[in-house]
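These are the residues of each chain, in order.
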Amino acid sequence: ETGVTQTPRHLVMGMTNKKSLKCEQHLGHNAMYWYKQSAKKPLELMFVYSLEERVENNSVPSRFSPECPNSSHLFLHLHTLQPEDSALYLCASSREGVGEQFFGPGTRLTVL
Amino acid sequence: EDQVTQSPEALRLQEGESSSLNCSYTVSGLRGLFWYRQDPGKGPEFLFTLYSAGEEKEKERLKATLTKKESFLHITAPKPEDSATYLCAVQEYGSGNTGKLIFGQGTTLQVKP
């Protein structure tokens with residue numbers, strides 16, 4: 001595997017379900033990010049982890065819970081989501097929280 | 001308030017018809033400006049980083065330039081495979097070690113054969 005991978009690629013869940021999104025980077029980076037991309041809106045930064053420590057939480061509802069067990073892996077735990085949370089969720093990584101970020105293919109999430 | 005504005009929102013070109021996309025930004029101190037390409041249903045693909053006014057970067061039919069207020073992505077003799085959404089993002093010095101990028105809304109380019 002190379003670059004940034006995300007699983008699953010597609011996810012459909014009910015409002016009462018609990019699910020997790022997984023991201024893995026194979027670039028030797030030490031900063032990882034979660035973004036939300038909704039139709040007709042700019043990418044929204046959700047969370048930043050640098051050296052496995054959360055350094056940014058952009059006023060994201062508590063139904064989204066990130067986890068970064070090491071510098072290569074990032075999770076987004078989801079519970080009791082709302083239909084308006086349906087979007088493309090993108091993971092990215094970079095070196096030391098500076099410079100260009102490299103994105104994964106995203107998880108297309110649909111909340112029914 | 002920090003802002004990134006891209007124009008036009010959508011652009012249709014004939015194959016071979018050169019044009020430019022604009023990204024204007026307002027930040028207190030620019031650390032870097034980034035261009036990405038995004039195909040439908042996929043993650044953004046990194047194209048260029050520009051750090052200072054006057055800098056230029058080229059890759060195949062694409063050329064990115066930077067001034068103190070805006071960046072242009074010039075597309076020379078585009079082909080249908082250049083059709084995509086092009087995203088601009090800026091990083092400012094005040095972002096510390098968060099690496100925070102502020103994205104524009106993108107320009108969707110369609111190149112017809």
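Here the structure is a predicted model, which is why all the values come from computation and not from measurement.

### Topic: the pairing of strand S4 (residues 31–37) of chain A
Residue and element names in this part refer to chain A. In terms of burial, S4 is largely enclosed, as seven of its seven residues are buried. Judged by which residues are buried, S4 turns out to be covered on both faces: Ala-31, Tyr-33, Tyr-35 and Gln-37 on one side and Met-32, Trp-34 and Lys-36 on the other are all buried. Sheet topology places S4 next to strand S5 (residues 44–50); six bridges connect them, and they run antiparallel. Within S5, the position partnered with Tyr-35 by the bridge is Leu-45. Hairpin connection between S4 and S5: a loop of six residues separates the two successive antiparallel strands, and Lys-40 in this loop has a positive phi of roughly 65°.

### Side note on the pattern of salt bridges
Summed over all chains, the structure comprises five salt bridges over all chains. In this structure, the salt-bridge partner of A:Asp85 is A:Arg63, at a minimum N-O distance of 2.7 Å. Here the residue A:Asp85 occupies a position in the loop between strand S8 (73–79) and strand S9 (87–94), and A:Arg63 occupies one in the loop between strand S6 (53–57) and strand S7 (64–70), the gap between them amounting to 22 residues. Residue A:Asp85 is classed as buried on the basis of its relative accessible area of 2%. The shortest N-O distance in the salt bridge between B:Arg61 and B:Asp82 comes to 2.8 Å. Of this pair, B:Arg61 sits in the loop between strand S6 (56–59) and strand S7 (62–66) while B:Asp82 sits in the loop between strand S8 (70–75) and strand S9 (84–92), placing them 21 residues apart in sequence.

### Focus on the interface of chain B and chain A
Interface size is commonly expressed as the accessible area that is lost once the parts come together. In this assembly, 22 residues from chain B lie in contact with 25 residues from chain A. Here chain B packs against chain A, burying approximately 1700 Å² in sum over the two surfaces, 54% of which is carbon and sulfur. Summed over the three residues of chain B that lose the most area to chain A, namely B:Asn97, B:Thr98 and B:Phe103, the buried surface amounts to 27% of that side. The interface formed by chain B and chain A includes zero salt bridges. The interface formed by chain B and chain A contains seven residue pairs in polar contact (both at pLDDT 80 or more). Of all elements in the fold, only strand S4 (30–38), strand S5 (45–50) and S9 of chain B reach the threshold of two or more residues within the side of chain B that touches chain A. With four residues, the top contributor of residues to the side of chain B that touches chain A is S4(B). A breakdown of the residues in the side of chain B that touches chain A according to their chemical character gives eight nonpolar, eleven polar and three charged.

### Let's talk about the layout of surface pockets
In this structure, the largest pocket occupies an estimated 610 Å³ of space. The wall of the largest pocket is formed by 25 residues, among which A:Gln37, A:Ala39, A:Lys40, B:Thr85 and B:Thr108 lie closest to the centre. For the lining of the largest pocket, the secondary-structure elements that each account for two or more residues are S9 of chain A together with S9 and strand S11 (107–112) of chain B. If one sorts the elements of the lining of the largest pocket by residue count, S9(B) sits on top with three residues. Classifying every residue of the lining of the largest pocket gives ten nonpolar, nine polar and six charged. A volume near 270 Å³ is recorded for the second largest pocket.

### A look at the sheet that holds S8(B)
Residues and elements named next belong to chain B. Read from one edge to the other, the open sheet built from five strands follows the order S1-S3-S8-S7-S6, with strand pairing classed as antiparallel. Because the sheet does not close on itself, it has two edges, and the strands there are strand S1 (3–7) and S6. Averaged over neighbouring strand pairs, the angle between their axes works out to 15° when direction is ignored. Bridge count for S1 against strand S3 (residues 19–26) is five bridges, and the pairing is antiparallel. Each bridged residue has a counterpart across the sheet, and for Thr-5 the counterpart in S3 is Ser-24.

The rules behind these values
Starting afresh in each chain, residues are numbered from 1 along the sequence in its written order. Going through the entries in the order they are written, you letter the chains from A and number the ligands from 1. Residues qualify for local features only when their pLDDT is at least 70, as the model is predicted, and side-chain atom pairs are given and counted only at 80 or more; totals for whole chains, interfaces and linings, by contrast, use all residues. Heavy atoms throughout the structure, all of them, feed into the side-chain values; hydrogens and water do not. Only protein chains enter the accessibility calculation, which uses a 1.4 Å probe. A residue is then buried if its area is under 20% of the maximum for its type, exposed if over 50%, and partly exposed in between. Each helix is a run of DSSP H or I of at least 4 residues and each strand a run of E of at least 2, with the numbering of both proceeding from the N terminus. Following DSSP output, two strands are said to pair if at least two bridges run between them. One side-chain nitrogen of Lys or Arg within 4 Å of one carboxyl oxygen of Asp or Glu is enough to make a salt bridge. A contact between two residues is defined here by any heavy atoms of the two lying within 4.5 Å. Computed with a 1.4 Å rolling probe, the buried area is the accessible surface lost when two parts are put together, summed over both parts. Nitrogen and oxygen atoms within 3.5 Å of one another constitute a polar contact, given that in protein one can donate a hydrogen and the other can accept it, and given that sequence-neighbouring residues count only through two side-chain atoms. Here the term charged refers only to Asp, Glu, Lys and Arg, the term nonpolar to Ala, Val, Leu, Ile, Met, Phe, Trp, Tyr, Cys and Pro, and the term polar to all other amino acids, Gly among them. Grid points spaced at 1 Å and placed over the protein atoms alone form the basis of the search, with a cavity being a set where a 1.4 Å probe fits but cannot get out and a pocket an open set showing protein on both sides within 12 Å along at least five of seven lines. Lining residues have an atom within 4 Å of a point. Grid points are joined across faces, edges and corners, and a volume is the space filled by probe spheres set on the points. Only the contacting stretch of a helix is used when fitting its axis, a line to C-alpha atoms as for every element, and angles between N-to-C directions run 0 to 180 degrees.

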